[in-house]
Amino acid sequence: MEAHLHRKSCIPSYSAEVRLMKARTAPSVRGVRVSIPPFLFEAILYAPIDETNSTAKIGNGIIFFTLYKKEEAMWDSLTIENDNKEKLQYLRENAVLKAHEKAKEETEAKKVTKQEHKKYALEATMKLEEAERKRIEDLKEKERQKVTKELELWKKQQEDAEKQKRVQKGGKLHQEVEQLKERKKEKMDKTRIPNEGTSETRLKPTKGHGSYSMFSENLKEEQLPAPRSAATIKINFTSRVFPTALRESRVAEEEEWLHKQAEARRTISADLSELEDLEEEEKNPDWLKDKGNKMFATGNYLAAVNAYNLAVRLNNKLPVLYLNRAACHLKLRNLHKAIEDSSKALELLTPPVPDNENARVKAYVRRGTAFCQLELYTEGLQDYEAALKIDPKNRTIEKDAEKIRHLIQGTTPDS
C-alpha cells in the first residue's frame, strides 16, 4: 500500500508520527494511522495484520507501508468500505484501548526486568563482597598461622636455651661438689697419718661402732647445714582507692573521677558548713537536679530554684543546672537572673557540637524571651535568630521571631 502526502509548498524537514491501531487479536493490528501536521492519514484495514513484521518508511513526501496478513486469506478490498460510523468508531476505540493495554504491559515488563537486573546486580555485589571478605579472612588466618608458628619456634628456642643453661649449671655444680669431696678426702688422709715413735697418738676404735672414728663424725657434722633462723617477711601493697587491681583499672577515668570528687569535697568544705546536716544523697548535684525538675513539674518554682542553687554550689560546671534555673526565673519573672543563667549555660556549652544543639537552642530562646519581656526586642530577636540557625526547621521559634519583628517594626502580622 502506498500513501502519497501532497503539500502546497516544499518543506526540507518535518516530523512524522506513525501509530499502529491494534485489533482484538494481539499482536496483530487492524488499522494504520499517520499524522504529519497538518495532514492526517487513517485507514481501517479489511482484516488484522502482523504488527511485528509489518513496516512503514517515510521519505521524500511519501510513506511506504509493507504489511503482512495475520492469516492467509483473500481480501475483498484493502480497507473496510461502506461501513457505518458506529462500527468504525468502535474499531477506533478498541484499537486505542488495546494500545494502552500493551503499553501498560510493556511498562510492567520493563519494571520487572529492571527489578531482576537490580536483584542480579545486588547478588553479584554480595558475592563479590563475600569473596573479598573470605580472601581477607584467609589472609588473616595465614598470618595468624605464621605468627603462631614463629611464636612456637621462639618458645622452643627459649626452652632449649633454658635447658642448656640448666645442664651447664648442673655440670658446674657437680664439678664443684667433686672438688669439695677431693679436698675433704685429702684432709682426712692427712689427719690419719700416725706420728713415728709415739704410740700414745694412735687412735683406738670406739666400742660398739667398729672402726668408726671421731673424724668421720666431724665430717658428717660438717656436711649437714645449720638450721635456718625464723623470720617474718613483710609485703607492702600499693594503696588503691578502687577495689580493682592496678593492672585491670582505667587510670585516666579513675583520676578524672577522683579529681571531680576532690573538687566537690573542697567546694563543700570551703564555704558550705551549713551542708553538714544534709544527708549524703542531698550532696549529689545530679540528685538535686532531678529533685528540682520534679518541683518545676509541679509548679513549685521557688523550691526548684533552691534545689538548683544548691546543685550549682556543689558543681558549677554543669550547664543544665543554669539552663533549668533560667526556666524557673522566667516563671517567677526574675528576668535579669534568667538572662544571667542562660548566658552562663551558653558559656559552658562550648565548643558547639551536635550533642549540645538542643541545650543551646533552649538557652537562646530563654534568654531571648527574657529580653522581650524587658521590652528589649532587638536583643531578643538576635537570640531567636541564633536559635533558628541551630534548628531552622523549628516552626514555633520561627513564628515567635516573626512576631518580634512585627513588634520592632510597629506593625501587626496581618498588615
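Shown above is the structure to which this text applies.
One structure accompanies this document, and this report is about it.

Conventions used here
Residues numbered from 1 in each chain as written. Predicted model: local features only at pLDDT ≥ 70, side-chain atom pairs only at ≥ 80, totals over all residues. Heavy atoms only, no water. Helix = DSSP H or I, 4+ residues; strand = E, 2+ residues; numbered from the N terminus. Buried < 20%, exposed > 50% of the residue type's maximum accessible area, 1.4 Å probe, protein only. Contact = heavy atoms within 4.5 Å. Areas by Shrake-Rupley, 256 points an atom, 1.4 Å probe, with all protein chains shown as cover. Expected span 1.5 Å × (residues − 1). Axes fitted to C-alpha atoms, helices over the stretch in contact; angles between N-to-C directions. Parallel < 35°, antiparallel > 145°, perpendicular 65-115°, else oblique. Left-handed = near helix turned anticlockwise from the far one by under 90°. Nonpolar A, V, L, I, M, F, W, Y, C, P; charged D, E, K, R; others polar.

A few words now on the overall build of the chain. When helices and strands are counted, the chain shows 10 helices and 6 strands. The burial tally for the chain puts 21% of its 415 residues in the buried class. Residue pairs at least 24 apart in sequence account for 49% of intrachain contacts in the chain once pairs closer than 6 positions are excluded. Of the roughly 32700 Å² of accessible surface on the chain, a fraction of 53% belongs to carbon and sulfur atoms.

To continue, consider helix H6 (residues 319-331). Compared with the 18 Å implied by 1.5 Å per residue over 13 residues, the 19 Å span of H6 between its first and last C-alpha is a close match. Burial within H6 is extensive, with 10 of its 13 residues counted as buried. Three or more residues of H6 are buried, namely Leu321, Tyr322, Leu323, Asn324, Arg325, Ala326, Ala327, Cys328, His329 and Leu330. In the core, the buried residues of H6 are packed alongside helix H4 (285-297), helix H5 (301-314), helix H7 (335-348) and helix H8 (357-373). Phi turns positive one or two residues past the end of H6, at Arg333, with a value near 65°.

Each pair of packed helices can be described by the angle between their axes along with the distance between the axes. At a minimum axis distance of 10 Å, the contact between helix H9 (residues 377-390) and helix H10 (residues 395-409) shows a crossing angle of 155°. The orientation of H9 relative to H10 falls into the category roughly antiparallel. Between H9 and H10 the crossing geometry is left-handed. For the pair H9 and H10, contact is made by Tyr377, Thr378, Leu381, Tyr384, Glu385, Ala387 and Leu388 and by Ile397, Glu398, Asp400, Ala401, Ile404, Arg405, Leu407 and Ile408, respectively.

We now examine unusual backbone geometry. Cis geometry marks the peptide bond from Thr350 to Pro351; its omega dihedral reads 0°. Position of Pro351 among the secondary structure elements: in the loop between H7 and H8. Phi is positive for Arg333, which is not a glycine, with a value near 65°. Checked against the element boundaries, Arg333 lands in the loop between H6 and H7.

Packing of H7 against H8 brings their axes to within 9 Å, and their N-to-C directions diverge by 155°. Relative to H8, the element H7 is oriented roughly antiparallel. Considering the relative orientation of H7 and H8, their crossing is left-handed. Residues Leu335, Ala338, Ile339, Ser342, Ser343 and Leu346 of H7 form the contact with H8, whose participating residues are Arg360, Ala363, Tyr364, Arg366, Arg367, Ala370, Phe371 and Gln373. Residues of the contact of H7 with H8, tallied by class, amount to 8 nonpolar, 3 polar and 3 charged.

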